[in-house]
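# Commentary on secondary and tertiary structure
Here is what each chain is made of, one letter per residue.
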Protein chains: 2
Amino acid sequence: MTDVNVSPPSRLAEGDSGQPARSAGAAASPPLVDIIELFFFAYRNFVSDPDEILARFGFGRAHHRVLHFVNRHPGMRVTDLLDILRITKQSLGRVLRELVDQGFIDSRAGSSDRRQRLLYVTPKGEALARDFVALQSARIERALAECGGPEALGNARRFLVSMIDPEDRGPIEKFITRADRAAEELRRLAPGPRSGG
Amino acid sequence: MTDVNVSPPSRLAEGDSGQPARSAGAAASPPLVDIIELFFFAYRNFVSDPDEILARFGFGRAHHRVLHFVNRHPGMRVTDLLDILRITKQSLGRVLRELVDQGFIDSRAGSSDRRQRLLYVTPKGEALARDFVALQSARIERALAECGGPEALGNARRFLVSMIDPEDRGPIEKFITRADRAAEELRRLAPGPRSGG
DNA sequence: ACATTTACGTCAGTCATGTTGACTTTTTTC
DNA sequence: GAAAAAAGTCAACATGACTGACGTAAATGT
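The paragraphs below set out a description of the structure included in this document. Remember, it's a predicted structure, so these values are computed and weren't measured experimentally.

## Quick word on the protein's contact with DNA strand D
- Around DNA strand D, 23 residues are found, and the nearest of them are T79 and K89 of chain A together with R65, T88 and Q90 of chain B.
- The sugar and phosphate moieties of DNA strand D supply 59% of its atoms located within 4 Å of the protein.
- Within the backbone of R61 of chain B, a nitrogen or oxygen atom sits 3.1 Å from a phosphate oxygen of DNA strand D.
- One of the side-chain nitrogen or oxygen atoms of R94 of chain B is found 3.1 Å away from a base nitrogen of DNA strand D.
- Secondary structure elements with two or more residues in the surface near DNA strand D: α4 (78-85) and α5 (89-101) of chain A together with α4 (61-72) and α6 (89-101) of chain B.
- Considering every element that reaches the surface near DNA strand D, the biggest residue donor is α4 of chain B, with four residues.
- For the surface near DNA strand D, the per-class residue count stands at three nonpolar, nine polar and 11 charged.

Here you go:
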């Protein structure tokens, strides 16, 4: 099973087509431990991309997450955000209040149900959210380009989806497609005032 | 499900021919934002796998990281660990002390340089570290199996490596290969009672 | 030999972000 | 009109990061 070459230094750079060694419970270390570690290091770089910008506003990574998801889903309720982030409303409350106070997020009462607070990014908030997406997208683009073929994007997406708990995938994919569709809609209706400013 | 191409599939194909929209604030969202979000959700699931076990010992994720890396690199110095984890020695100190006090990690003075504290997992610590690796490996194996072909592992590895800052890759790859080689060595010398096939 | 540097540890304080639990207000729903 | 839901708030606490200062032992350089 572990006849996957461990020694050649090029192991990481080259994809290797060795077999994954189906022995889930016990041993099976060698070929998968590196994925565990690469995932750790990659994610650490990934989330630290926005740090410098965040620091300029006195924000942390929690602010980034909140801003990102509100930007992706304008008009979302506080409860929706809690479901996505899986934190308590007390934790969210602090961060959200700062974002609202500093004019990055706007919170309006729902029209059909006035108990709800619907969350929107302000233009200022949208600009910041776009900066973050641009930063992280640049890293992903570079990575995909390094991977070569045009199938790299699909491969990465498939892998990441498969890494998610099956029971979480439905909601997450629904969330993503809905947000993408809404963004596309917006782009069609109001083309192009962006990127100029 | 995996072809969440909600928008014109052109973006990535054009990625190289067109300009990569490098300047912050340019357009270019649709196909990459989903990767950003999938990375977030996937990593969250990934790191929460060991939580239940950790809680049984009153440990947190910091303990997991320390134990993992010490297990991977027996005899590593405290400074090495600090370099890898990129935290301060004060932060590491607390966690490390708890792991030593509870008998998961052993800290011996170096023989050639007696200022050094060389870190080793105890049998108890090794068992725990192996549990964590088994848990996370199971998720990765399942994901790779879902991705289909035998090239899925290589694809994932390439993608993750490419997501890492280029200047970090050398040290990280060196670390991983060295650890793999040492582990292989150990397996050859002392074929444990544990390792299945 | 002595000064410097290195490796490690520790005290003291702070910050960011998470947690529980209890409670209120407003509004919708049954 | 009672119950439930959405949101907000207060208080207390845990974790894991941070800075800065200081101490001690051992290696190293001149």
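Okay, back to it.
## Brief notes about unusual backbone geometry
All names here are of chain A.
- In this model, R86 sits at a positive phi of 55 degrees, which is unusual for a non-glycine residue.
- Within the secondary structure, R86 sits in the loop between α4 and α5.
- Take R86: its relative accessible area is 48%, and that puts it in the partly exposed class.

## Notes on the sheet that holds strand β1 (residues 76-77) of chain A
Residue and element names in this part refer to chain A.
- Taken in spatial order, the three strands line up as β1-β3-β2 in an open sheet, and their pairing is antiparallel. For this open sheet the edge positions go to β1 and β2 (105-109), each flanked by a neighbour on one side alone.
- Relative to strand β3 (residues 117-121), β1 is paired through two bridges, and the arrangement is antiparallel. Bridge pairing in β3 links M76 to L119.

## As for the protein's contact with DNA strand C
- Around DNA strand C, a shell composed of 23 residues is seen, among which S91 and R94 of chain A together with T79, K89 and R115 of chain B lie nearest.
- In this structure, S91 of chain A approaches DNA strand C through a side-chain N or O atom, which is 3.5 Å from a phosphate oxygen.
- Breaking the surface near DNA strand C down by element, the ones donating at least two residues are α3 (61-72) and α5 of chain A together with α5 (78-85) and α6 of chain B.
- Counting residues per element, the surface near DNA strand C draws most heavily on α3 of chain A, which supplies four residues.
- The residue inventory of the surface near DNA strand C, partitioned by class, reads three nonpolar, nine polar and 11 charged.

## A word on the nonpolar core
- V66 of chain A together with V66 and F159 of chain B are the most contacted members of the largest nonpolar core, which totals 102 residues.
- When residues of this core are assigned to domains, at least three fall in each of domain 1 (51-125) and domain 2 (149-187) of chain A.
- If we ignore the near neighbours within four places in the chain, the residues touching F159 of chain B are A143, L144, C147, A156 and L160 of chain A together with I35 of chain B.

## Concerning the side chain of D34 of chain B
- Checked against the element boundaries, D34 of chain B lands in helix α2 (residues 30-48).
- Note on D34 of chain B: relative accessible area 1%, which makes it buried.
- Among the polar contacts made by the side chain of D34 of chain B, one reaches the side chain of R157 of chain A at a distance of 2.9 Å.

## Quick notes on helix α7 (residues 152-163) of chain A
Residues and elements named next belong to chain A.
- With 12 residues, α7 extends 16 Å between its outermost C-alpha atoms, agreeing within 8% with the 16 Å of an ideal straight helix rising 1.5 Å per residue.
- Counting buried positions over the 12 residues of α7 gives 10, a clear majority of the element.
- Taken as a whole, α7 has its buried residues at A152, L153, N155, A156, R157, F159, L160, V161, S162 and M163.

Cut-offs used in this document
Residues numbered from 1 in each chain as written. Chains lettered and ligands numbered in written order. Predicted model: local features only at pLDDT ≥ 70, side-chain atom pairs only at ≥ 80, totals over all residues. Heavy atoms only, no water. Near = heavy atom within 4 Å. Polar contact = N/O pair within 3.5 Å; in protein donor to acceptor, adjacent residues only side chain to side chain. Helix = DSSP H or I, 4+ residues; strand = E, 2+ residues; numbered from the N terminus. Nonpolar A, V, L, I, M, F, W, Y, C, P; charged D, E, K, R; others polar. Buried < 20%, exposed > 50% of the residue type's maximum accessible area, 1.4 Å probe, protein only. Pairing = 2+ DSSP bridges. Core = buried A, V, L, I, M, F, W, Y, C linked by side-chain atoms within 4.5 Å. Domains from an automatic or database assignment. Contact = heavy atoms within 4.5 Å. Expected span 1.5 Å × (residues − 1).

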